Amino acid sequence: MSPSPDTAVPTVEELEAQERRLVFRRFTHDDAWALGSLLVELARERQAPVAIDIHRAGQQLFHAALPGSTPDNDAWITRKRRVVERYGSASYLVGSRFRAKGTTFEESSRLDPDTYAAHGGSFPLTVAGVGVVGAVTVSGLPQVEDHRLVVEALERFLGE
């Protein structure tokens, strides 16, 4: 029996397609508030114990910690966001690319795992004609669920 689309692990190609599709025309402080608020709403509907963070150009524009989240979630957010900032790709995609090569990010990236985490949940904020300007990050669920929550919010926000 094959996994349902909700439980299937996305392929590298599917993750790359998400990044090509989920692009902003612009990304303002107000957009960060609206996107972050949408993520809070989605997480509350699911009673998800997550922390949510949006950074642009080195500045934190949004942060929320929902019931059940912990300070560890904030540490994970920072580590996942650093992967997006370094690679310009979703943290889950970066980890998936290493796994597709038969290795892991921790084994092969030569980066400190206390500083970088290629686990799902951080997605690049890409502006058309500009490039990656920041990251939206969720932490508190299994990594594929963190990633899916962010993608769902981006799809809704961008009207996909």
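Above this text you will find the structure in question.
Okay, so let's go over this structure. Quantities reported herein were computed from a predicted structural model and do not represent experimental measurements.

## Some thoughts on the side chain of serine 96
Thought 1: Secondary-structure assignment places serine 96 in helix α4 (residues 91–100).
Thought 2: Leaving out residues up to four positions away in the same chain, serine 96 has contacts with Val12 and Leu15.

## Some thoughts on the environment of threonine 28
Thought 1: Relative to the helices and strands, threonine 28 resides in the loop between β1 (23–24) and α2 (29–45).
Thought 2: Accessibility expressed as a relative area gives 27% for threonine 28, which makes it partly exposed.
Thought 3: Linking threonine 28 and alanine 51, residues 23 residues apart in sequence, is a C-alpha distance of 21 Å.

## Some remarks on helix α3 (residues 71–87)
Thought 1: Taking 1.5 Å of rise per residue, the 17 residues of α3 would be expected to cover 24 Å, and the 25 Å separating its terminal C-alpha atoms lies within 8% of that figure.
Thought 2: Among all positions in α3, only Asn73, Ile77, Arg79, Lys80, Arg81, Val83 and Val84 are buried.
Thought 3: At the exit of α3 stands glycine 88, carrying a positive phi of roughly 70°.

## Here we look at the packing of aromatic side chains
Thought 1: A full pass over the atoms with the stated rule returns 5 aromatic pairs.
Thought 2: Ring centres 4.9 Å apart and planes at 80° place the aromatic pair phenylalanine 24 and phenylalanine 27 in the edge-to-face group.
Thought 3: The exposure class of phenylalanine 27 is buried, given its relative accessible area of 7%.
Thought 4: Measuring from centroid to centroid gives 5.5 Å for phenylalanine 98 and phenylalanine 105, while their planes differ by 90°, and the two rings are edge-to-face.
Thought 5: The exposure class of phenylalanine 105 is buried, given its relative accessible area of 2%.
Thought 6: Following the ring pairs from residue to residue traces out a cluster consisting of Phe24, Phe27 and Phe157.
Thought 7: A cation over a ring is seen here: arginine 79 above tryptophan 76, with NZ or CZ 4.3 Å from the ring centre.
Thought 8: For arginine 99, the ring lying beneath its charged end belongs to tyrosine 92, and the centroid distance is 5.4 Å.

Rules and cut-offs
Residues numbered from 1 in each chain as written. Predicted model: local features only at pLDDT ≥ 70, side-chain atom pairs only at ≥ 80, totals over all residues. Heavy atoms only, no water. Helix = DSSP H or I, 4+ residues; strand = E, 2+ residues; numbered from the N terminus. Contact = heavy atoms within 4.5 Å. Buried < 20%, exposed > 50% of the residue type's maximum accessible area, 1.4 Å probe, protein only. Expected span 1.5 Å × (residues − 1). Phe/Tyr/Trp six-rings, centres within 6.5 Å; stacked < 30°, edge-to-face > 60°. Lys NZ or Arg CZ within 6 Å of the ring centre and 35° of its normal.

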